[in-house]
Amino acid sequence: MSKLSGTHFQLKVWNYLKKIPKGKVKTYLEIAKAIRKPKAFRAVANAVAKNPYPIQIPCYRVIRSDGKLGGYSGKGGINEKRRLLASEKIYIK
C-alpha cells in the first residue's frame, strides 16, 4: 500500500477504519462520533466509499446504524462484504 492520498477528512476516516479490530464492526455514526464529527455520518459514508484499499483498510467492517450491511465499493460488491465479514465470524443479513 503506497502513501494514502485523500482529503484531511478522508484520511482521518481511513485511519480510524484501520483500528477496527478483526471480528468487530462499527457504524458510520460511531465512526463520525469517534473522529469528533458526530453530525458527519453521511460524509463518513462517502469517505468509506472512496477507500482506495478496501481490504487493507477494512471498510467492510462498517455497517449501517440499523444493523444492515450498507454498501461496499470494493470488488464483488455487497456479496464480497458479506463473505469478508463471515470470514471473521460476523453474520449480518
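Before any of the text, the structure's been laid out above.
Given the structure is predicted, the values throughout are model-derived calculations rather than measurements.

**Q** Mind showing me how you'd approach the overall build of the protein chain here?
**A** Along the backbone of the protein chain there are four helices and two strands. From first element to last, N terminus to C terminus, the protein chain shows the α and β order α-β-α-α-β-α. Taking 93 residues into account, the globule formula puts the C-alpha radius of gyration at 12 Å, and the protein chain, at 12 Å, falls close to it. Projecting the C-alpha coordinates of the protein chain onto the three principal axes gives extents of approximately 30 × 30 × 20 Å. By residue count, 39% of the 93 residues in the protein chain fall in the buried class. Within the protein chain, contacts between residues separated by at least 24 positions form 56% of all contacts whose residues are at least 6 apart in sequence. Counting every atom, the protein chain has about 5900 Å² of accessible surface; 53% of that belongs to carbon and sulfur.

**Q** Would you take a moment to explain the pattern of salt bridges for this structure?
**A** What the rule picks out here adds up to three salt bridges. With its nearest N and O atoms 2.4 Å apart, the salt bridge here joins Asp66 to Arg64. When its relative accessible area of 47% is taken as the criterion, Asp66 is described as partly exposed. The closest approach of N and O atoms between Glu80 and Arg83, which form a salt bridge, is 2.7 Å. Taken together, the residues span about one helical turn, with Glu80 and Arg83 both in helix α4 (residues 77-87) at a distance of three residues.

**Q** Whenever I open this one, the nonpolar core confuses me. Can you help?
**A** A general trend in soluble globular proteins is that nonpolar side chains are found buried together. Counting residues in each nonpolar core, the largest one holds 24 residues, and the members touching the most others are Val13, Trp14, Leu17, Ile31, Val44 and Val48. At the level of secondary structure, the elements contributing two or more residues to this core comprise α1 (8-17), α2 (28-34), α3 (41-49), β2 (62-63) and α4. In contact with Val48, not counting residues within four places along its chain, are Val13, Trp14, Leu17, Tyr28, Cys59 and Ser73.

**Q** Help me understand the packing of α1 against α3, please; the structure alone is not making it clear to me.
**A** Helix packing for two helices is described by the angle between their axes and how far apart those axes are. At a closest axis distance of 9 Å, the pairing of α1 and α3 adopts a crossing angle of 75°. In this view, α1 runs roughly perpendicular relative to α3, as classed from their interaxial angle. Residue-level inspection shows Phe9, Gln10, Val13, Trp14 and Leu17 of α1 in contact with α3, the latter providing Ala43, Val44, Ala47 and Val48.

Cut-offs and rules
- Residues numbered from 1 in each chain as written.
- Predicted model: local features only at pLDDT ≥ 70, side-chain atom pairs only at ≥ 80, totals over all residues.
- Heavy atoms only, no water.
- Helix = DSSP H or I, 4+ residues; strand = E, 2+ residues; numbered from the N terminus.
- Rg over C-alpha atoms; globule rule 2.2 N^0.38 Å.
- Buried < 20%, exposed > 50% of the residue type's maximum accessible area, 1.4 Å probe, protein only.
- Contact = heavy atoms within 4.5 Å.
- Areas by Shrake-Rupley, 256 points an atom, 1.4 Å probe, with all protein chains shown as cover.
- Salt bridge = Lys/Arg side-chain N within 4 Å of Asp/Glu carboxyl O.
- Core = buried A, V, L, I, M, F, W, Y, C linked by side-chain atoms within 4.5 Å.
- Axes fitted to C-alpha atoms, helices over the stretch in contact; angles between N-to-C directions.
- Parallel < 35°, antiparallel > 145°, perpendicular 65-115°, else oblique.

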